[in-house]
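Residues per chain, in single letters:
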Amino acid sequence: PVSSSLYGSRFLTGRLGGSITHQCFYSTTPANKYERKYWCKIAANGVCYTIVSSSSFTSGEYEGRVALGDVPQNGTFTVTMTGLRSSDTGTYRCGIGSTNEGLYVSLNLTVLADATVPRPTQLIRGELHGSVTVLCPSGDTQSDQKRFWCKVGRSSCALMASSDGYVGRRYQGRILLTPQESSGAFKVLINDLKKEDSGLYLCGTQGLSPQEVVLQVATASVLPRRPKFLSGTVGGSLSFQCHHDPKGTYEKKYLCRWKGGSCPVLLDDGGFVLESYKGRIEMSSSDPEHGSFTVLLRQLREEDEGWYWCGARSGHTELTASLELLVHRG
C-alpha cells in the first residue's frame with residue numbers, strides 16, 4: 001500500500017574525508033509522521049546496527065559526524081555523514097519503525113578518494129488523476145544520444161519511455177518526453193496519474209549519470225475525474241472541454257495529438273492552427289474564470305481516432321490531461 005511506501009537512492013558514492021547527504025521520502029500519513037526514523041549499517045552477522053535515529057540516539061563511534069533531520073510535513077528525512085572514511089563503505093538502511101526490521105530502503109555506500117558527488121534526488125508530488133512535469137538535467141547537447149525515463153525495481157530499471165518513440169504499455173497516451181533544450185535538458189510530462197506511478201525513477205541521457213526522481217502520488221485527490229473518452233461519427237462534429245487551474249497564469253493553452261511519444265500542437269489560444277487542420281478545428285470559447293476552454297472538431301475522419309492532450313504551460317511546468325477519441329462509421 002502507498003501509505004507504507006518509502007523511497008530513496010539505492011547507491012551512494014562519497015569522497016574520502018568528504019560528506020554525503022541521503023534523503024528518504026515517505027508518505028505523510030499520521031503513523032509515518034510520528035514514528036521513529038532510523039539509519040543503520042548492516043554488519044557481517046546480518047544485523048543492522050543503529051547509527052542515528054530520531055529518538056535522539058547516536059552511536060558513540062559516529063558522534064559528531066552524523067545527523068538526522070526529519071521534516072514530517074514534507075515526508076522527508078535526511079541523513080548527513082561527514083568526515084567519510086574507507087570503513088564507512090557498506091550497506092545501510094534508512095527506515096521507519098520501532099525496530100530496524102520495519103519499513104526500510106537498503107542502499108550501498110562506496111567511499112572513494114576521487115568520487116564525484118551525485119545530484120540530489122528530486123522529489124515530485126502529484127495528485128491522483130492529475131499531471132506532473134519533471135525536469136531532467138542538461139547533459140550532452142548532441143541529439144544522437146537516447147533520452148530515457150525508467151522505474152527502479154529490485155534489480156534493474158524498467159524503461160517506461162525514451163526519445164526514440166518507445167512508450168511502455170501502462171503509459172500509452174499519458175507520457176511525453178519533450179524535445180531537448182539547447183542545454184541538453186528535457187522534460188518528462190505524465191498525466192492521469194495512478195497510485196502505482198509512485199516510486200523511484202531515473203531520467204537522463206544514455207552514457208551520462210542520470211537524475212534520481214522520487215514521484216509520490218497523493219491518493220486523497222481533490223481533482224474531479226474528467227471523461228477520458230470521446231466518441232464521434234465520420235463526417236460529424238464534436239466539442240469538448242479542456243480544464244486547468246483557474247488560479248494559474250499560463251503562457252499558452254493548447255491541444256496536441258499524442259502519437260508514439262510525440263505530441264504536435266494542433267491549435268493554441270494564440271490563434272495558431274496546424275495547417276492540415278485549418279477549417280476543421282477551433283477553440284470555440286474560453287472561460288479562464290472557471291479554468292476551461294472548449295475545442296470544436298468538425299468533419300471527423302477515421303484517422304482522427306486516437307489520443308489528444310489538453311495542455312496549459314506555465315514556466316517549466318505543463319498541466320496536461322489526455323482524452324481518447326473513438327470515431328465510428330455511420
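Because the structure is predicted, anything quoted here is derived from the model rather than measured.

1. A word on the pattern of salt bridges
Phase 1 of the analysis: Scanning the entire structure with this criterion turns up 15 salt bridges.
Phase 2 of the analysis: Between lysine 146 and aspartate 164 there is a salt bridge, and its shortest N-O distance comes to 3.9 Å. Note that lysine 146 is positioned in the loop between strand 12 (132-136) and strand 13 (147-152) and aspartate 164 in the loop between strand 14 (157-162) and strand 15 (175-177), a separation of 18 residues in sequence.
Phase 3 of the analysis: Overall, the relative accessible area of 53% leaves aspartate 164 in the exposed class.
Phase 4 of the analysis: Each of Arg170, Arg174 and Asp197 takes part in salt bridges that share partners, so that together they form one network.

2. Comments concerning the pairing of strand 14
Phase 1 of the analysis: As defined by bridge partners, strand 13 adjoins strand 14 across five bridges and the pair is classed as antiparallel. Within strand 14, the position partnered with lysine 151 by the bridge is alanine 158.
Phase 2 of the analysis: Here strand 13 hands over to strand 14 after four residues, the two strands then running antiparallel side by side.

3. Re the environment of serine 209
Phase 1 of the analysis: In this structure, serine 209 sits in the loop between strand 17 (199-205) and strand 18 (211-218).
Phase 2 of the analysis: Take serine 209: its relative accessible area is 54%, and that puts it in the exposed class.
Phase 3 of the analysis: Here the alpha-carbon distance between serine 209 and proline 118, two residues 91 residues apart in the chain, equals 8.1 Å.

4. Overview of the state of the cysteines
Phase 1 of the analysis: Throughout the structure, instances matching the rule amount to six disulfides.
Phase 2 of the analysis: The side chain of cysteine 40 participates in a disulfide bridge whose partner is cysteine 48; the two sulfur atoms lie 2.0 Å from each other. Taking the sign of the S-S torsion, about 95 degrees here, the bridge from cysteine 40 to cysteine 48 comes out right-handed. When sorted by exposure, cysteine 40 lands in the same class as cysteine 48, which is buried.
Phase 3 of the analysis: Across the disulfide from cysteine 150 sits cysteine 157; the S-S distance is 2.0 Å. Because the sign of the S-S torsion sets the handedness, a value of about 95 degrees for the bond joining cysteine 150 and cysteine 157 places this disulfide among the right-handed ones.
Phase 4 of the analysis: The buried category is assigned to cysteine 150, whose relative accessible area is 5%.
Phase 5 of the analysis: Each disulfide in the protein links cysteines that, numbered along the sequence, combine into the pattern 1-4, 2-3, 5-8, 6-7, 9-12, 10-11.

5. Concerning the sheet that holds strand 15
Sheet strands pair via backbone hydrogen bonds, and the direction of the pair is either parallel or antiparallel.
Phase 1 of the analysis: What the three strands build is an open sheet, ordered 12-16-15; its pairing is antiparallel. The sheet is open, and its two borders are formed by strand 12 and strand 15, each paired with just one other strand. For this sheet, the mean inter-axis angle between neighbouring strands, taken without regard to orientation, is 15 degrees.
Phase 2 of the analysis: Bridge count for strand 15 against strand 16 (residues 186-190) is three bridges, and the pairing is antiparallel. Looking at the pairing, leucine 177 lines up with valine 188 of strand 16.

Criteria and cut-off values
Residues numbered from 1 in each chain as written. Predicted model: local features only at pLDDT ≥ 70, side-chain atom pairs only at ≥ 80, totals over all residues. Heavy atoms only, no water. Salt bridge = Lys/Arg side-chain N within 4 Å of Asp/Glu carboxyl O. Helix = DSSP H or I, 4+ residues; strand = E, 2+ residues; numbered from the N terminus. Buried < 20%, exposed > 50% of the residue type's maximum accessible area, 1.4 Å probe, protein only. Pairing = 2+ DSSP bridges. Disulfide = S-S within 2.5 Å. Axes fitted to C-alpha atoms, helices over the stretch in contact; angles between N-to-C directions.

Keep in mind that these numbers describe shape and distance, not what the molecule does.
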